[in-house]
Amino acid sequence: MEGIDPSRPKYFSADEVAQHFSEDDIWVSFLGHVYDLTSFVSEHRGNTLIKPIIEVAGQDISSWFDSKTRDIRTKADKCTGCIKPDTPQGRFIHIPPNYPCSKWRTDFGMPWWRSPTYRIGVLSKGARNIRILNTHTSELHTIQVCEEETLYEIQRRFNYINRHTSGYDWMVEDIELDMSKTLAENGVENEDEEFAKYGLDEELYRPTIRLHFRDDLLEI
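A.B. asks: Any chance you could break down the overall build of the protein chain for me, citing the residues and the numbers?
C.D. replies: Assigned secondary structure in the protein chain consists of six helices and 14 strands. The C-alpha radius of gyration computed for the protein chain amounts to 23 Å, which surpasses the reference 17 Å derived for 220 residues by more than 25%, pointing to a less compact arrangement than a globule. Overall, the protein chain is about 75 × 45 × 25 Å in size when its C-alpha atoms are taken along their principal axes. Taking all 220 residues of the protein chain together, 39% fall into the buried category. In the protein chain, 59% of the contacts between residues at least 6 apart in sequence involve partners at least 24 apart. For the protein chain, the computed accessible surface area is about 13700 Å², with 49% contributed by carbon and sulfur atoms. The average position of the 26 basic charges and that of the 38 acidic charges among the side chains of the protein chain differ by 11 Å.

A.B. asks: Before we move on, could you go through a nonpolar patch on the surface and cite the residues and values that matter?
C.D. replies: A cluster of nonpolar residues, Y198, L200, L204 and Y205, forms a patch on the protein surface that exposes about 470 Å² of accessible area. Position of L204 relative to the elements: it lies in helix α6 (residues 202–205). Here L204 falls in the exposed class, since its relative accessible area comes to 62%.

A.B. asks: Tell me about the sheet that holds strand β12 (residues 168–172), and name the residues and values.
C.D. replies: Read from one edge of the open sheet, five strands run β11-β10-β14-β12-β13, paired in mixed fashion. A strand with exactly one partner marks an edge of an open sheet, and here the two such strands are β11 (139–146) and β13 (175–176). Where strand β10 (residues 127–134) lies against strand β14 (residues 208–213), four bridges are found, and the strand directions are parallel. Bridging from a neighbouring strand, N134 pairs with L211 of β14. Contacting β10, β11, β12 and β14, helix α4 (residues 151–158) runs over the sheet at an angle of about 120° to β11.

Reading guide: rules and limits
- Residue positions are counted from 1 within each chain, in the order its sequence is given.
- Local features in this predicted model are restricted to residues whose pLDDT is 70 or higher, and side-chain atom pairs enter the listing and the counts only when it is 80 or higher, whereas totals over whole chains, interfaces and linings include all residues.
- Side-chain figures throughout are based on the complete set of non-hydrogen atoms in the structure, without hydrogens or water.
- Working definition: helices are DSSP H or I runs of at least four residues, strands are E runs of at least two. Numbering for both runs from the N terminus.
- Our radius of gyration is a C-alpha quantity, and the globule rule it is checked against amounts to 2.2 Å times the number of residues to the power 0.38.
- For every residue, the accessible area (1.4 Å probe, protein chains only) is compared with the maximum for its type, and the residue is labelled buried under 20%, exposed over 50%, or partly exposed between those bounds.
- We call two residues in contact when some of their heavy atoms are within 4.5 Å.
- Note on areas: these come from Shrake-Rupley sampling with a 1.4 Å probe, and a residue is covered only by the protein chains present in the view.
- Positive charges are assigned to Lys and Arg, negative charges to Asp and Glu, while His and the chain termini are left out of the count.
- A charged residue contributes its charge at one atom only: NZ of Lys, CZ of Arg, CG of Asp or CD of Glu.
- Patch criteria: residues need more than 30% relative accessible area and no salt bridge. Like-charged residues are merged within 9 Å; nonpolar side chains of Val, Leu, Ile, Met, Phe, Trp and Tyr are merged within 5 Å.
- Basic side-chain nitrogens of Lys or Arg form a salt bridge, by our definition, when they fall within 4 Å of a carboxyl oxygen of Asp or Glu.
- We call two strands paired when DSSP finds no fewer than two bridges between them.
- Helix axes are fitted to C-alpha atoms over the stretch in contact, other axes to C-alpha atoms as well, and angles between N-to-C directions run from 0 to 180 degrees.

Below, the structure is given as structure tokens:
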């Protein structure tokens, strides 16, 4: 999409991850990234070791991992003293058994949590709801966006509602927004916490982005 830096990651909110919570559509997040494991789960359908992953569909599973090594947490076995994966949720695919086993295959290559194949974006550190008013049609919509997203990236989200928004000027209080910057960088701060603190109705006080139709045919 025009205006979007292709080198930038795509951001997702925790709410977006939570919408993908079924065996046929499964996302998880961990250590700040979002993963689509749908094809992985489908590939291993019927394997009992896929169950712990299915059970956390749509959730953040950072607690499974060591933030320093970005690998599965480990612990010392009480009986042998040997270091082994710490999986209180149950052993899952690519985790070796606790004891030698002839059925354990090690030819799977990279474990799924290290593979970039399933990584689809970055987990947003904060999400907010914004109102977008189309002054040409008087349609008002409220959508959730990520704090890190530029206006161009927010426009991409809004294209699912109105795919002609590139023909509009995006403005707040008669000030045209810089589409290459975030809302905060444009001076549109997230005040939801302040609204909650003072018991103010967010819907009444939340800033509204106004889309003003730009007819290029009228430009001289």
